[in-house]
Amino acid sequence: MAMENNPAWPSWLPIRSELADLKPYGAPQISGVRALNTNENPYDLPKKVVAEMLEALPQVLANLNRYPDRDAVALREALAKYLSKSAGAVFGSRNIWAANGSNEILQTLMLACGGRGALGFTPSYSVHPLIAKATGTNWISGDRETSFNIDIKKSIKMISEEEPGITFITTPNNPTGTSTPYADLEELAIACREIKGLLVVDEAYAEFSKEMSAVNLIAQYPNVVVVRTMSKAFAFAGARVGYAVCNEAVVDAMLVTRLPYHLSSTTQALALVALDNSKALLAEVDALIAERDRVAAQLTKLGFEVSPSSANFLLFSGFKGDSKTAWESLVAAGILVRDVGLSGYLRVTIGLPSENDEFLTAIAALRS
Ligand SMILES: *Cc1c(COP(=O)(O)O)cnc(C)c1O
């Protein structure tokens, strides 16, 4: 029997029926406005780092006739070193997998281990359910509390009932900024271990948070996988580098589902220089945290409600009209924030101090 065609697609296109209602991920891209919508680090790379990258390039370019190191060993070693230094647990390259952004890591993981479905607690990162659907992984949606925290007892009950292959926790959570305490992550790790499932902790914003990283759980709980990125704190979004920290067996599983030669020689070489300069690239993190706290205090003073954030963005409510109307008014004022699909809320990325001031001036006019 032929499937009913979704009218949005031409009838000759054999798109998978379970994908027919999905929309591609992405925020509106508008030029000529302050881009406070995708949680990038607003600071350009230091000139010294750019110069070192240029120095590394000739050798890489001359060798573009060859495939890159399929296993990106040097890069994984450098990532292991960075992590061992910053997170307090010791890792080697066998505990790291690297890819074109952490989104590719998530896809590789779901292809390998998503057979029993994936569970997440919303509102959270909307790419998790999207990749689940695109990889044929059954998505199971749990809830967060109204404070956007995770109710641990309820979540553990759900894990044991649903028995997902993968349970996602994003901490600090996007788009709410909320952190899940380390002790809670450990309880979730145990619950997932009991059903032979992975606990995947998405730590895209870890460098902005004071909480202990879930990488410290991996030695005791081999079913814990931590996913990190160089796109946010590291100011390296354009290069596309993300990585997983995990038990060697998880890396081996991902080797099966990764595409051969997925990470270009250029990306690997530039990422090596970036990691060699991690201090310089992360230099503005403290300033961004201070700005986050300043903008949160100002928003509160103006009468907005701000969700407590451990990341480089703020979720807030209390403006006139709905999210879409307020978003449009801010665009008209030259400020691009994110409508994350949460009724009555908008998310703003912390930018340069002058950009944050422009945002505060624009949003002050929209107080309800
Ligand atoms: C930004 C983000 C990512 C993806 O980052 P990449 O650029 O693909 O590395 C993953 N998870 C969360 C929660 C994010 O906010």
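To start, this report covers the structure provided alongside it.

Rules used in this analysis
- Here the residue numbers are simple positions, counted from 1 along each chain's written sequence.
- The predicted nature of this model means local features are confined to residues of pLDDT at least 70 and side-chain atom pairs, given and counted, to a pLDDT of 80 or more, with totals for whole chains, interfaces and linings taken over all residues.
- The basis for every side-chain value is the complete set of heavy atoms in the structure, and neither hydrogens nor water enter the calculation.
- In summary, the pairing rule links any two rings of Phe, Tyr or Trp, Trp by its six-membered ring, whose centres are within 6.5 Å, and it sorts them by plane angle into stacked for under 30 degrees, edge-to-face for over 60 and tilted for everything else.
- What counts as a helix is a DSSP run of H or I of at least four residues, what counts as a strand is a run of E of at least two, and both are numbered from the N terminus.
- The classification of residues rests on relative accessible area computed with a 1.4 Å probe and restricted to protein chains. Under 20% of the type maximum is buried, over 50% is exposed, and intermediate values are partly exposed.
- Proximity is defined per residue: any heavy atom of the residue falling within 4 Å of a molecule or strand makes that residue near it.
- Here a polar contact is recorded for every N or O atom pair within 3.5 Å, except that within protein the pair must consist of a potential hydrogen donor and a potential acceptor, and residues adjacent in sequence are included only if both atoms are side-chain atoms.
- Per-residue accessibility takes into account occlusion by the displayed protein chains alone, with areas from the Shrake-Rupley method and a 1.4 Å probe.
- Think of it as three bins: nonpolar holds Ala, Val, Leu, Ile, Met, Phe, Trp, Tyr, Cys and Pro, charged holds Asp, Glu, Lys and Arg, and polar takes everything else, Gly as well.
- Just to be clear on terms, a salt bridge is a Lys or Arg side-chain nitrogen sitting within 4 Å of an Asp or Glu carboxyl oxygen.

1. Observations concerning the packing of aromatic side chains
To describe a pair of aromatic rings, you give the distance between the ring centres and the angle between the ring planes.
Step number 1: Summed over the entire model, instances satisfying the criterion amount to 9 aromatic pairs.
Step number 2: Pairing Tyr205 with Phe313 gives two aromatic rings, centres 5.0 Å apart and planes at 75°, and the pair type is edge-to-face. Placement of Tyr205 in the loop between β6 (198-202) and β7 (224-229) and of Phe313 in strand β10 (residues 313-317) is noted, with a sequence separation of 108 residues between them. The pair formed by Tyr205 and Phe313 is uniform in burial state, with each residue classed as buried.
Step number 3: Here the aromatic rings of Phe316 and Phe359 are separated by 5.7 Å at their centres, their planes lie at 65°, and the arrangement is edge-to-face. You can see Phe316 sitting in strand β10 and its partner Phe359 sitting in helix α12 (residues 353-364), a full 43 residues away along the chain.

2. With respect to the site of the ligand
Step number 1: Within the structure, the ligand sits among 13 residues, and Ser102, Tyr205, Thr229, Ser231 and Lys232 are positioned closest to it.
Step number 2: At 2.6 Å from an oxygen atom of the ligand is found a side-chain nitrogen or oxygen belonging to Tyr205.
Step number 3: Residue Arg240 places a side-chain N or O atom 2.7 Å away from an oxygen atom belonging to the ligand.
Step number 4: A total of 390 Å² of accessible area belongs to the ligand in isolation, and the protein chains cover 94% of it.
Step number 5: Top element by residues in the shell around the ligand is helix α3 (residues 101-113). It accounts for 3 residues.
Step number 6: Residue classes in the shell around the ligand are distributed as 3 nonpolar, 7 polar and 3 charged.

3. With respect to the pattern of salt bridges
Step number 1: Under the defined criterion, the tally for this structure stands at 12 salt bridges.
Step number 2: Between Glu52 and Lys48 there is a salt bridge whose closest N-O contact spans 3.5 Å. Of this pair, Glu52 and Lys48 are both found in helix α1 (residues 47-62), 4 residues apart, which corresponds to roughly one turn of the helix.
Step number 3: A relative accessible area of 26% means that Glu52 is categorised as partly exposed.
Step number 4: Judged by its relative accessible area of 53%, Lys48 is exposed.
Step number 5: For Arg292, the salt bridge identified is with Asp293, shortest N-O distance 3.1 Å.
Step number 6: On the basis of relative accessibility, which here comes to 8%, the residue Arg292 falls in the buried class.
Step number 7: A relative accessible area of 42% means that Asp293 is categorised as partly exposed.
Step number 8: Within this structure, Arg94, Glu248 and Asp252 form a network of salt bridges that share partners.

4. Examining unusual backbone geometry
Step number 1: Residues Thr122 and Pro123 are joined by a peptide bond in cis, for which omega reads 0°.
Step number 2: If you trace the backbone, Pro123 turns up in the loop between β3 (118-122) and α4 (127-134).
Step number 3: Here Glu163, not a glycine, exhibits a phi torsion of approximately 50°, which is positive.
Step number 4: Within the fold, Glu163 resides in the loop between α5 (152-162) and β5 (166-170).
Step number 5: Of note, Tyr261 is a non-glycine position whose phi angle comes to about 55°, a positive value.
Step number 6: Assignment of secondary structure puts Tyr261 in the loop between α7 (248-257) and α8 (265-276).
Step number 7: Of the residues examined, Tyr261 reaches a relative accessible area of 29% and is grouped as partly exposed.

Treat this as a map of the structure, not an account of what it does.
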